[in-house]
Structure formats: C-alpha cells, structure tokens
Amino acid sequence: MKKQWIALLTGCVLVCSMLAGCGSKPQTSAPAAAGSDKGCTDEAILSQLKNDGTPEFVLDGTYYTLPLETSQLIQAGWSLETEEYDAAEVSLQPGERIYGELSKDDQEIDVAIVNAGTEPCKPAEGGTVVELEYSADKDQPNPDFFVTLNGINCAMSNAALQKALEGVDGYKLNSAGNIDINRTDDDDEIAVYKVILDDDYTAITLASDNVFEYKDYQPQEVKEQASNEKIAAYKDTTKAEMEPYAQDFNAIIEGYEENMVVGFYSEGTIWGEEVGEYKSIAGTPLASDVSLYIAEDTTGQLYCIANQILNEDGTVSTAIELEEGDQVKVWGYASQYLELQEGLKIVVVQPGIIERNGELVILDKNLKAD
C-alpha cells in the first residue's frame with residue numbers, strides 16, 4: 001500500500017460523503033459501474049463537518065479528523081493488521097511509520113500509522129493515523145461511510161466524481177485515469193488528495209500531513225545489523241583515507257583546501273584540559289563557546305577533537321565528555337585546522353566514533369540503530 005505520492009492536505013476543503021442512507025439508494029437495476037450522480041445530502045452528517053480544511057470524515061456515524069489516535073478506532077471495533085509484521089509485536093520508535101489495514105465486518109481501511117510522540121509505542125495503542133484510504137464497490141448497498149472533499153463518495157459514478165472535483169484548485173486527471181488534486185511545493189507539483197477510479201469501485205485517500213517525513217518501521221534487530229554494517233564501513237573508510245597522513249598530520253594541513261575533507265583515524269591520549277573560546281579555525285569565525293579537546297597520537301602528533309554536535313532544531317550540544325589522560329581511538333573527518341598565535345597549526349577532527357578507555361561511543365547519528 002506504500003503510495004508514491006506525497007500526502008499533504010494543507011488548504012484542502014474537505015466536505016462530505018455518504019453514510020448509510022446518505023447519497024444514493026442501492027443500485028439494483030443499473031449496471032454496477034454506473035454508480036450514483038449524487039454526493040452526501042444528509043443534514044445530520046453535514047452539520048458535523050468543520051469545512052475549514054481539516055481532514056475530516058464520518059465513519060459508522062462517528063465524526064473523526066486526522067491526525068487520529070489509532071486507539072479510537074480500535075475502541076470502535078476495528079482491528080489492525082500491519083504489513084509484513086505482527087502488529088502486537090511492533091514497537092514504533094519516535095518518528096517511525098508503518099502501513100497497515102483496519103478491518104471491521106466487511107469494511108477495510110488502509111492506513112499509515114506513525115509514532116508522533118517521544119517514547120516507543122504500539123501502533124494500535126499509542127500510534128497516530130495520519131493517512132487513510134477507504135474503498136468500496138459501486139454496487140454495494142450503502143457502501144461508503146466516508147465524508148470527504150466536495151461531498152464525493154465511493155458510490156458515485158466516475159463522471160459524477162470528476163464533475164464534483166474538476167473545479168477544485170489543482171485538479172488533474174492523471175495518466176492512469178485517476179484524479180489528483182495537486183499543489184506546488186517549491187518547484188515540485190505534488191498530489192495532496194487522490195481518488196482512484198475504476199468501473200467497479202472507487203478508492204478515496206486523505207491525509208493530515210506529509211507521512212513521508214517519517215521513517216519506515218524496521219525491527220530492532222534489523223536496525224542493529226544495519227548499524228553495525230555502517231559502523232564497520234565508516235571505520236574502514238576513515239582508516240584507509242588516513243593512511244597517507246598517519247605519520248605526518250601536517251600533510252593534511254598543507255593540502256588543505258576550502259572544501260577538503262579527509263577521513264581521520266588516531267589512537268592516542270587526551271593531552272590537556274578542554275580548550276575553549278578560539279576565535280577562528282582556518283580563518284572561519286567561531287562562537288566564543290566552541291569546545292575542543294587536544295589529543296596526542298601514539299606517534300607524538302597533536303590534533304584537536306571537536307566536541308559539539310549541531311542538533312536538528314539548530315541548537316548545539318556537547319558531543320562527549322573526555323578527561324585528561326583518557327585513552328582514545330578516534331574515527332572521523334578532518335576538514336579544518338586550528339592556527340595558534342605561536343604559528344602552530346593543529347588538525348581539527350569532527351569525530352563520528354570514539355572509543356574512550358575501551359568504551360565505544362557512536363556520535364554520528366546516521367550510524368546509530370535508532
């Protein structure tokens with residue numbers, strides 16, 4: 001069910017669909033492919049809608065909006081199965097997404113569930129539905145419990161669906177014969193709403209935000225294996241790139257160019273107390289609170305270990321606490337140097353991995369399992 005279009009329902013006016021008794025009567029004599037020309041007309045349903053761009057729908061007589069706690073649908077009698085994995089065994093980490101199917105009686109809804117919180121959660125308990133797709137055959141009695149854009153519902157004919165949506169900004173009949181409601185994001189045209197048309201059924205999809213901002217779920221053991229492989233490759237790469245400079249760190253500085261980055265590896269000792277308030281590295285101004293450690297390689301050469309990490313929110317935090325005399329192995333990249341007043345130039349390393357007194361610490365978040 002993984003969709004290749006981006007679901008961002010910003011600015012869409014979501015209106016109405018059909019419940020039992022809403023829209024058309026069951027089609028008994030007309031061909032199944034014809035469907036109905038009418039959308040939802042039930043005033044009780046229409047009165048529940050905000051009509052302000054909120055992704056909203058009515059299901060089994062109950063009004064919902066996205067994002068929606070999965071537990072609300074579970075409590076309403078829906079059961080969840082997730083693709084590939086046993087839903088009861090899945091533990092979503094913060095920022096993870098999993099696709100699945102909610103079922104109840106003869107109804108099925110495809111969903112994307114995310115962990116929008118800060119702690120691990122089960123998709124059926126602490127998860128949040130941010131995208132869903134409801135489909136129904138056109139010839140089923142009262143098939144559609146879905147209230148959505150411009151009153152469309154799955155029982156409507158393809159011609160009626162196109163007529164109801166063709167006036168919406170961004171409307172497009174794509175090459176597959178389905179309806180996209182597109183918007184421009186930067187220079188990209190993306191579908192913010194989708195209606196799949198078929199002679200026998202219709203599928204309608206809506207979402208609360210861009211579900212592709214989340215990472216796909218993987219079991220912890222799979223993540224750890226991938227992490228171990230990345231760590232091993234990172235170590236091998238930095239060691240190989242460092243080999244020409246292992247006996248002369250000055251060679252890195254002598255070949256320095258503005259965008260030069262050299263893999264760096266060293267075994268050594270933390271040489272002195274933490275060094276702070278340097279004004280420049282390679283001529284680039286630094287904040288007064290820049291934090292560095294000086295280390296001495298086993299060959300007697302000095303270098304600096306940068307001790308700050310830029311967080312996703314733009315703040316800076318301490319990477320690792322080191323003390324004078326700590327025995328370290330450092331894998332990272334040297335792209336700058338520190339020039340002291342005495343004319344001494346010292347390579348500055350941004351560490352990705354540090355082994356501190358035998359303890360391995362992963363600093364590069366791209367190498368971590370979580």
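The model shown is predicted, which means the values in this text are computed figures rather than measured ones.

Colleague: Residue-level account of the environment of Lys104, with values.
Modeller: Among the secondary structure elements, Lys104 is positioned in strand β5 (residues 96-104). Look past the residues within four positions of Lys104 in its chain and what remains in contact with it is Asp60, Ala76, Gly77 and Trp78. A polar contact of 2.8 Å, which involves the side chain of Lys104, links it to the backbone oxygen of Ala76.

Colleague: Tell me about the pairing of strand β21 (residues 327-339), residues and numbers included.
Modeller: When strand β13 (residues 262-270) meets β21, the two strands line up antiparallel, connected through 8 bridges. When the bridges of β21 are listed, Ser266 appears paired with Val330. Pairing geometry for β21 and strand β22 (residues 345-356), over 11 bridges, is antiparallel. Note on β22: the bridge partner recorded for Trp331 is Ile353.

Colleague: Now, about the packing of aromatic side chains: what can you tell me, with residues and values included?
Modeller: All told, the structure shown has 7 aromatic pairs when counted by the stated rule. When the ring of Tyr234 is compared with that of Tyr333, the centres are 5.7 Å apart and the planes differ by 80 degrees; the resulting orientation is edge-to-face. On the criterion of sequence distance, the pair formed by Tyr234 in helix α4 (residues 220-242) and Tyr333 in strand β21 is long-range, its members being 99 residues apart. In this structure Tyr234 comes out as buried when scored by relative accessible area, which is 11%. Take Tyr333: its relative accessible area is 24%, and that puts it in the partly exposed class. The positively charged end of Lys235 is found above the aromatic ring belonging to Trp331, 4.6 Å away from the centroid. Sitting over the face of the ring of Tyr265, Lys239 holds its NZ or CZ atom 4.8 Å from the ring centroid.

Calculation rules
Residues numbered from 1 in each chain as written. Predicted model: local features only at pLDDT ≥ 70, side-chain atom pairs only at ≥ 80, totals over all residues. Heavy atoms only, no water. Helix = DSSP H or I, 4+ residues; strand = E, 2+ residues; numbered from the N terminus. Contact = heavy atoms within 4.5 Å. Polar contact = N/O pair within 3.5 Å; in protein donor to acceptor, adjacent residues only side chain to side chain. Pairing = 2+ DSSP bridges. Phe/Tyr/Trp six-rings, centres within 6.5 Å; stacked < 30°, edge-to-face > 60°. Buried < 20%, exposed > 50% of the residue type's maximum accessible area, 1.4 Å probe, protein only. Lys NZ or Arg CZ within 6 Å of the ring centre and 35° of its normal.

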